[in-house]
Amino acid sequence: MVALREVTVRQAQTTRRMLTSLTIAAALSIAAVVGIYFFLTVNGVKALQFNSLGQILLGTTWDPESTPPKLGLLPMIISTLYVTAISVAIAFPISLLCATYLAEFAPTFLRRTLRPAIDMLAGIPSVVYGLFGILTLVPFARYYLGSPSGYSVLVAGIIVAIMILPYMTSVMMEAIRSVPREYVEAARGMGATRWQVVRTVLWPAALSGIASGGMLGTLRAMGETVAVALVSGGALMIPKSPLDPCRPLSAHILLQATVLPVGSPGYYALYFAGLILMLMVTAVIVAAHRVRRRPGRPRKRRVKGGRLNPVLVSRLMTGLMIAAGVIAAGALVGITGYIFVNGVRALDWNVLFGPVHIGDPVHSALYPALLGTLALMFYSTVFAVLVGVPTALYLAHFAGESRFTQAVRFAIDTLAGVPSIVYGLFGATLFVVYMKMGYSVLAGALTLATMNLPVVVRTAEEAFRSVPREYIEAARGAGASWYHVVKDVLLPMAKPGITAGITLSMCRAAEEAAPIILTAVMIGLVTSNPFVHVLQPTDALAFRIYLIAKEYLMVPEARQVAFAAALVLVAVTLSLNFLAIYMRDRFERKVGREV
Amino acid sequence: MVAFKVNDLRVYYGEKEALKGINLEIPEKKITTIIGPSGCGKSTFIRCLNLMIKEIPYARTEGVVEFDGENILEYESEEEIIHHRRRVATVFQHPNPFPWMSIYDNVAYGLRLMGMDEDEIEERVHEALEKAALLDEVEDRLDDPASALSGGQQQRLCIARALAVDPDVLLMDEPTSDLDPIATRKIEETVLELRGEVTIVFVTHILPQAYRIGDYTAFFLKGELVEANETKELFNNPQDERTQEYIEVEFGPG
Ligand SMILES: Nc1ncnc2c1ncn2[C@@H]1O[C@H](COP(=O)(O)OP(=O)(O)OP(=O)(O)O)[C@@H](O)[C@H]1O
Ligand SMILES: [Mg+2]
C-alpha cells in the first residue's frame, strides 16, 4: 500500500514537471515573434537617423555609402509588388482550375496519383527554380522577347508562379474536396451542368479555402528570395516594363546583407526593408481573412451566357481546366526533368568526392556542401522538435482558452507568415552578432529552427489532436497519470504525424538558401566537419548552387557542378517530402480518416 | 395517365444488385408513396427516376424507365440528362438549401441556371414560395441567409426551390425524417396541396405517413417490389403476406 502511494505521488510530480516544461516550450514561440519584431523595429528605425521616412519610402536612389547616404527603397517596393502581381496573376487561375479539375472531375486513380505528386513538387528548392530560370527563361526572354538582358520582372514572375502553383493547388483542392456532397447533389439534381456546379456551388462554398490558398501563394511570392535574386537582374531602378530587370525587397536584403558593414546606414535600411516586407505580408493575411462571403447577400446578377448553350459552356470550361492541368504539369515536369537529365549527366565521382579547393565553388568537390546541408538539417530539426513538439502537445491537450494560449497560437500563425529572408535578418542579428556565434552551423541551425517551428507545431498538434479521445479516456480511466498518457498513448499514436512534421522541417532546412546565407555559410573556410565544429561556418548545397548561378556561370565547368549539386539537393528534398507524404497517409489511415 | 412506366429495372452497385427487376407504373399528378425497410432500395429507385444514378460511376442499370415515351435510362449525353432533371425535381432527406445564398437566391437557383430573365424570376420565386407554404413566413426577409431558417422551413425552402422550375414530377426521398412532428405535418400538408398539380413520388419509412398522404403505395423489400396498389387497399387488404407482416409490425395490428 505504501509503495503504491509513493508511486502515485512520484507520478503526480513527474506530470507537474512535464506540464511546466511544455509551458516553457510554448512560451518560446512567443519569444521568437517578439524577438523578430524587436530586432526589425529597433534596427529598422535607426535608418531614420540618416534619411526621413519619405526619403526612404519614396526615394529612388540606393547609395548607402555616399554622404549623406541615400536609402531610397521605392524601386524595391515596386519590384516586389510587380513580381508578386505577375506571378499571382498567372498562378492563381491555373491553380484554381487545376484544383477544381482534380477535386471534382478527375478519375479517382488520377487524383490518387496527382495529389501526392503535387505535394512532392512543393518540395523542389527555390534555388533550383532559380538555376532553371537563369539557364532557360532568361536567355529565352533575351533572344525572343526583346528583354535587354533577359533578367526581368517577367521571368521572375513566371518562375515564382511555377513555384507557388503546387502550394495553391494543394490548398484549393482540399477546400473544394471538402464541400459537402449534398450541395453538389442538390445542384446536379436541379439540372445544373458540371460547370454550373463549379461556378454556383463549389467555388462559393469553398471560397474561404480558395482565398487562403491564394493568400499562401501570395505570401510565398512576396517573400521568395533566392530564385528572384537570381533571375530578376538585381537592377536598382523602377522597372518600366515587365521586360526590365528589377530588384524586389527580399532580393535586395539578400544581396546587400552580406556586403554592408554591421551598423552602417545601409545595414539599418535593410531592416527597414524587412519591416516593409512584414507589413505587406500582414496586409495580405488581413485581406485574405476578410474574404468570406457574407451569406445570403442577394447577388442579383443576370446569368451571363444564358443565351449560350450551358452544356457547351460546361464542356469548354472542362477543356480549359484540363488545359490548365496540362500547363501546370508540363511546367513542373519540365523543370524536374531538366534538373534530372542534366544532373545525371553532370554527376560523377570527382564532382562529388574530388579534391576541395578553398575559395573555389566551381572546382571544389560537393561533399563538404552535402555534409553542411545535412548538419544544418540535423541540428535545426533537433532544435525545432525540442521546442515544437512540446508546444504542440501543450496546445493540443493541455491548453485551456487562456490569454497565454491565444498568444501562443497567434505567435505560431505569425511565424508561419514571416518570409525566410526576415528569419535570416533575425538570425544574423540575434545569433550571429548579439550571441557572438558568428557565421556558423549553430547560428544557421537556430535560424532555420525558428523558421521551421510553425511547421513542426502545426503538424504535430494535428497529430496529437487526432488521437481518438477514447484511447486517452481508457488510459485515464485505468488510473494513468497525464505523464503516462503522453508517454504511452499520445506519443506512440501520434508518431507518424510527428515524423511527417520532422521530415518537412528537414526538407525546408535543406532547401532554404536565404536564411543560411545570412547566418551560416562561407565558401572556402570549409575544411572542418560541420557536425562537430558547430561554431565554424559551413558550405551547403543550396548555397553552392546559388553562388555558382549568381557569379560563376562564365566558368567552363560551372554548369556541371551546379547541375550535380541541384540533383543531389533535389534528391534529398524529394525523398524527404516523399517520406512526409507517406507518413501523413499512414497516419490518416491509422486514425481512420479517408485519404 | 402514367408518368413513369418502369419495366424490369435492375440496378447494380458494382457487384451488388440493389434493385432486382422492378415493374411499376407511377400515375400522373397523384401521390405515390414508397415504403420499405432501410436498405431495400427506395433511394436507389428514386435515383433512377431523376437519373442521379448516373452520377455514381460504378452503378449500372438494366431495364426500362419510360418517361414521356422515352427510356430515360438510355440518356447518355449531358444535354438529355440535364433536360430530364429540369422536368423531374428532387427534394432530399437532409434539408440542403445553399447556406451561402439568400432565401430568394435559393429559390431562384434553378431559374437562373436556365438563364431566365430576372423579372420573371421574381414572379416565379413568389409563386414557388407560396406553393411551398413558406411565403408568409419569409416574405419580409427574402434576403436573409437560408441558413437562418429552421429545419422545417429549410426543407420547405428546398421544396420551393424544386417547384420554382415548374417540374412535372416532384421526387421526395424521406423529406421529413430529419424534422420534428410539427414540421413534418406542415410538409405533409404542403404535399397534399400539390396533389393534382404535379406527380409526386414520396419515399418514407413511416407507414402512417404513407397512409395519410398516398394515393398509391408501393412496398419494396430487399431490392424487390413486393406489392403496389391504391394506398387504402394496400394497407387494409394486403395481398402478399410479407406486406401484411411488415404493416403489422410497423403499424401495429389493425
Ligand atoms: N452509392 C452506393 N454504393 C454502393 N452501394 C449502395 C449505394 N447506395 C446504396 N447502396 C446499397 O444498395 C442498397 C439499397 O440502398 P438504398 O439507399 O436504395 O436503400 P433505401 O431503401 O433508400 O434505405 P434507407 O431507408 O436507409 O434510405 C443497400 O443495400 C445499400 O447498401
Ligand atoms: Mg434512402
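So, how was this worked out
- Residue numbers restart at each chain and count upward from 1, following the sequence in its written direction.
- By the order in which they are written, chains take letters starting at A while ligands take numbers starting at 1.
- Given that this is a predicted model, residues contribute local features only at a pLDDT of at least 70 and side-chain atom pairs are listed and counted only at 80 or more, while totals for whole chains, interfaces and linings are drawn from all residues.
- Heavy atoms from the whole structure form the basis of all side-chain values; hydrogens and water molecules are not counted.
- Secondary structure follows DSSP: runs of H or I at least 4 residues long count as helices, runs of E at least 2 residues long count as strands, and numbering of each begins at the N terminus.
- Here the radius of gyration uses the C-alpha set of atoms, whereas the globule reference equals 2.2 Å times the residue count to the power 0.38.
- Burial classification: accessible surface area is computed with a 1.4 Å probe over protein chains only, and a residue below 20% of its type maximum counts as buried, one above 50% as exposed, and the rest as partly exposed.
- Only heavy atoms enter the contact rule, under which two residues are in contact if any of them lie within 4.5 Å.
- Under the convention used here, a 1.4 Å probe and the Shrake-Rupley method define accessible areas, while residue burial counts only the protein chains that appear.
- His residues and chain termini do not enter the charge count, which takes Lys and Arg as positive and Asp and Glu as negative.
- Think of each charge as sitting on NZ of Lys, CZ of Arg, CG of Asp or CD of Glu.
- One number per residue, pLDDT, summarises how confident the predictor is, and it ranges from 0 to 100.
- Salt bridge, as used here: a side-chain nitrogen of Lys or Arg that lies within 4 Å of a carboxyl oxygen of Asp or Glu.
- In short, buried area is how much 1.4 Å probe accessible area vanishes from two parts on joining, totalled over both.
- Definition of a polar contact: a pair of N or O atoms within 3.5 Å, with one able to donate and the other able to accept a hydrogen when the atoms are protein atoms, and with sequence-neighbouring residues admitted only if both atoms are side-chain atoms.
- Whether two strands pair comes down to DSSP finding at least two bridges between them.
- Like charges within 9 Å and nonpolar side chains (Val, Leu, Ile, Met, Phe, Trp, Tyr) within 5 Å are joined into patches, using only residues over 30% in relative accessible area that form no salt bridge.
- For helices, the fitted line uses only the C-alpha atoms of the stretch in contact; every axis is such a line through C-alpha atoms, and the angle between N-to-C directions lies from 0 to 180 degrees.
- Proximity criterion: a residue is near a molecule or strand once any of its heavy atoms comes within 4 Å of it.
- Only buried residues count toward a nonpolar core, which is a set of Ala, Val, Leu, Ile, Met, Phe, Trp, Tyr and Cys residues joined through side-chain atoms within 4.5 Å.
- Throughout, the term roughly parallel applies to angles under 35 degrees, roughly antiparallel to angles over 145, roughly perpendicular to angles from 65 to 115, and oblique to all others.
- Definitions for this section: a left-handed crossing has its near helix turned counterclockwise from the far helix by less than a right angle. A right-handed crossing has that turn clockwise.
- The nonpolar class holds Ala, Val, Leu, Ile, Met, Phe, Trp, Tyr, Cys and Pro. Asp, Glu, Lys and Arg form the charged class, and all remaining residues, Gly among them, are polar.
- Centres within 6.5 Å are what make two rings of Phe, Tyr or Trp a pair, Trp counting through its six-membered ring; a difference in plane orientation under 30 degrees is then read as stacked, over 60 as edge-to-face, and the rest as tilted.

1. Side note on the overall build of chain B
Now for step 1: Check the secondary structure of chain B and you find 10 helices and 10 strands.
Now for step 2: Expected size for 254 residues packed as a compact globule is a radius of gyration near 18 Å; at 18 Å, chain B falls within 12% of this value.
Now for step 3: Taken across its 254 residues, chain B has 56% of its residues classed as buried.
Now for step 4: Sequence separation of 24 or more characterises 65% of the internal contacts of chain B that already satisfy a separation of 6 or more.
Now for step 5: A total accessible area of about 10800 Å² is found for chain B, and carbon and sulfur atoms account for 44% of it.

2. Quick look at the overall build of chain A
Now for step 1: Scanning chain A from terminus to terminus reveals 23 helices and 2 strands.
Now for step 2: The C-alpha radius of gyration of chain A comes to 25 Å, within 12% of the 25 Å expected for a compact globule of 595 residues.
Now for step 3: When each of the 595 residues of chain A is scored for burial, the buried share is 57%.
Now for step 4: The contacts of chain A with a sequence gap of at least 6 include a subset with a gap of at least 24, amounting to 78%.
Now for step 5: Carbon and sulfur atoms provide 65% of the accessible area of chain A, an area that totals close to 24800 Å².
Now for step 6: In chain A, 49 side chains carry a positive charge and 27 a negative one; their mean positions are 9 Å apart.

3. A few points about the confidence of the model for chain B
Now for step 1: Overall, the prediction assigns chain B a mean pLDDT of 92, with 99% of residues at 70 or greater.
Now for step 2: Among the prediction metrics, the complex's ipTM stands at 0.90, with pTM recorded as 0.88.

4. Regarding the side chain of Glu511 of chain A
All names here are of chain A.
Now for step 1: Mapped onto the fold, Glu511 is located in helix 20 (residues 482–511).
Now for step 2: In this structure Glu511 is buried but unpaired, with Arg220 as the nearest side chain of opposite charge at 4.8 Å.
Now for step 3: Ignoring anything within four residues of it in the chain, the contact list for Glu511 reads Ala122, Gly123, Pro125, Ser126, Ala542 and Thr573.

5. Things to note about the interface of chain B and chain A
As a measure of interface size, the accessible area lost when the parts come together is often cited.
Now for step 1: On the side of chain A, 32 residues touch chain B, which itself brings 32 residues to the contact.
Now for step 2: Approximately 2900 Å² of surface area, both sides summed, lies buried where chain B meets chain A, with 57% of it carried by carbon and sulfur atoms.
Now for step 3: Looking at the side of chain B facing chain A, the largest losses of area belong to Glu78, Trp100 and Leu113 of chain B, adding up to 23% of the total buried there.
Now for step 4: Where chain B packs against chain A, one counts 3 salt bridges.
Now for step 5: Arg188 of chain A is the salt-bridge partner of Glu78 of chain B, the closest N and O atoms lying 3.1 Å from each other.
Now for step 6: Linking chain B to chain A there are 10 residue pairs in polar contact (both at pLDDT 80 or more).
Now for step 7: Secondary structure elements with two or more residues in the side of chain B that touches chain A: helix 2 (78–87), helix 3 (103–113) and helix 4 (118–131) of chain B.
Now for step 8: Examining the composition of the side of chain B that touches chain A, we find that 6 residues originate from one element, helix 3 of chain B, more than from any other.

6. Some details on the pairing of strand 1 (residues 2–13) of chain B
Residues and elements named next belong to chain B.
Now for step 1: As defined by bridge partners, strand 1 adjoins strand 2 (residues 16–27) across 9 bridges and the pair is classed as antiparallel. Paired with Val2 across the two strands is Pro27, which belongs to strand 2.
Now for step 2: The antiparallel hairpin formed by strand 1 and strand 2 contains 2 residues in its connecting segment, where Gly14 sits at a positive phi of about 60°.
Now for step 3: One ladder, built from 8 bridges, connects strand 1 with strand 4 (residues 59–67); its direction is antiparallel. By the bridge assignment, Lys5 is partnered in strand 4 with Glu66.

7. Quick look at helix 22 (residues 541–552) of chain A
Now for step 1: For helix 22 of chain A, a buried count of 9 out of 12 residues is recorded, marking the element as mostly surrounded by other parts of the structure.
Now for step 2: Looking at helix 22 of chain A, one finds that the buried residues are Leu541, Ala542, Phe543, Arg544, Ile545, Tyr546, Leu547, Ile548 and Ala549 of chain A.

8. Regarding a nonpolar patch on the surface
Residues and elements named next belong to chain A.
Now for step 1: On the surface, Trp349, Phe353, Val356, Ile358, Tyr367, Leu371 and Leu374 cluster together into a nonpolar patch covering about 670 Å² of accessible area.
Now for step 2: For the nonpolar patch, the secondary structure elements donating two or more residues are helix 14 (349–353) and helix 15 (367–398).
Now for step 3: With 3 residues, the top contributor of residues to the nonpolar patch is helix 15.
Now for step 4: On the accessibility criterion, Val356 (33% relative accessible area) is partly exposed.

9. Some remarks on the sheet that holds strand 4 of chain B
Residues and elements named next belong to chain B.
Now for step 1: Pairing is antiparallel across the open sheet formed by 4 strands, whose spatial order is 2-1-4-5. Two strands bound the open sheet, and with one partner strand each, they are strand 2 and strand 5 (70–71).
Now for step 2: Helix 1 (residues 42–49) contacts strand 1, strand 2 and strand 4 of the sheet and is inclined by roughly 120° relative to strand 1.

10. A look at the site of ligand 1
All names here are of chain B.
Now for step 1: Close to ligand 1 lie 14 residues; Ser38, Gly39, Lys42, Ser43 and Thr44 are nearest.
Now for step 2: Lys42 has a polar side-chain atom sitting 2.7 Å from an oxygen atom of ligand 1.
Now for step 3: Between ligand 1 and Ser43, the relevant distance is 2.6 Å, taken from an oxygen atom to a side-chain nitrogen or oxygen of the residue.
Now for step 4: Protein burial of ligand 1: of its 630 Å² of free accessible surface, 69% is covered by the chains.
Now for step 5: Of all elements in the fold, only strand 2 and helix 1 reach the threshold of two or more residues within the shell around ligand 1.

11. Concerning the sheet that holds strand 8 (residues 199–203) of chain B
Residues and elements named next belong to chain B.
Now for step 1: An order of 6-7-8-3-9-10 is seen for the 6 strands of this open sheet, with the pairing classed as mixed. Every other strand in the sheet has two partners, leaving strand 6 (88–91) and strand 10 (224–230) as the edge strands with one partner each. The average undirected angle you get between the axes of adjacent strands in this sheet is 15°.
Now for step 2: Across 4 bridges, the pairing between strand 3 (residues 31–35) and strand 9 (residues 216–221) is parallel. Within strand 9, the residue paired with Thr32 across the bridge is Tyr216.

12. Considerations on the nonpolar core
Across soluble globular proteins, you tend to see nonpolar side chains buried next to one another.
Now for step 1: Formed by 250 residues in total, the largest nonpolar core has its most connected members in Val201 and Phe464 of chain A together with Leu129 and Leu170 of chain B.
Now for step 2: Beyond its immediate chain neighbours, meaning those up to four positions away, Leu129 of chain B contacts Val107, Leu134, Leu135, Val138, Leu142, Leu157 and Ala160 of chain B.
Now for step 3: Among the nonpolar cores identified, the runner-up in size contains 34 residues, and Ile34, Val203, Ala218 and Phe220 of chain B belong to it.

13. Description of the pairing of strand 4 of chain B
All names here are of chain B.
Now for step 1: Relative to strand 5, strand 4 runs antiparallel, the two sharing 2 bridges. The residue bridging Phe67 from the neighbouring strand is Glu70, located in strand 5.
Now for step 2: Between strand 4 and strand 5, which follow one another and run antiparallel, lie 2 residues, and Asp68 among them has a positive phi close to 55°.

14. Observations regarding the environment of Leu504 of chain A
Now for step 1: In this fold, Leu504 of chain A is placed in helix 20.
Now for step 2: Not counting the four nearest positions on each side in its chain, Leu504 of chain A is found in contact with Val455, Thr459, Asn577 and Ala580 of chain A.

15. Things to note about the packing of helix 12 (residues 265–290) of chain A against helix 17 (residues 420–434) of chain A
How two helices pack is summed up by the angle between their axes together with the distance between the axes.
Residues and elements named next belong to chain A.
Now for step 1: Between helix 12 and helix 17, the least distance of the axes is 10 Å, while the angle of their chain directions is 140°. The angle between helix 12 and helix 17 falls in the class oblique. Note on packing geometry: the crossing formed by helix 12 with helix 17 is left-handed. Counted together, Tyr267, Leu270, Tyr271, Gly274, Leu277 and Met278 of helix 12 and Ile421, Val422, Leu425 and Thr429 of helix 17 form the full contact between these two elements.
Now for step 2: Classifying every residue of the contact of helix 12 with helix 17 gives 8 nonpolar, 2 polar and no charged.

16. Brief notes about the packing of aromatic side chains
The geometry of an aromatic ring pair is captured by the separation of the ring centres together with the interplanar angle, meaning the angle of the planes.
Residue and element names in this part refer to chain A.
Now for step 1: Within this structure, the stated rule accounts for 26 aromatic pairs over all chains.
Now for step 2: Judged by centre distance (5.1 Å) and plane angle (40°), the ring pair of Phe140 and Tyr144 falls under tilted. Within this pair, Phe140 and its partner Tyr144 are both found in helix 5 (residues 126–144), separated by 4 residues, close to a single helical turn.
Now for step 3: Judged by relative accessible area, which is 43%, Phe140 ranks as partly exposed.

17. Considering unusual backbone geometry
Now for step 1: A cis amide bond, omega -10°, links Thr67 of chain A with the succeeding residue Pro68 of chain A.
Now for step 2: Turning to its location among the elements, Pro68 of chain A is positioned in the loop between strand 1 (62–63) and strand 2 (70–71).
Now for step 3: At Asp8 of chain B, a residue that is not glycine, the phi angle is positive and equals roughly 45°.
Now for step 4: Along the chain, the position of Asp8 of chain B falls in strand 1.

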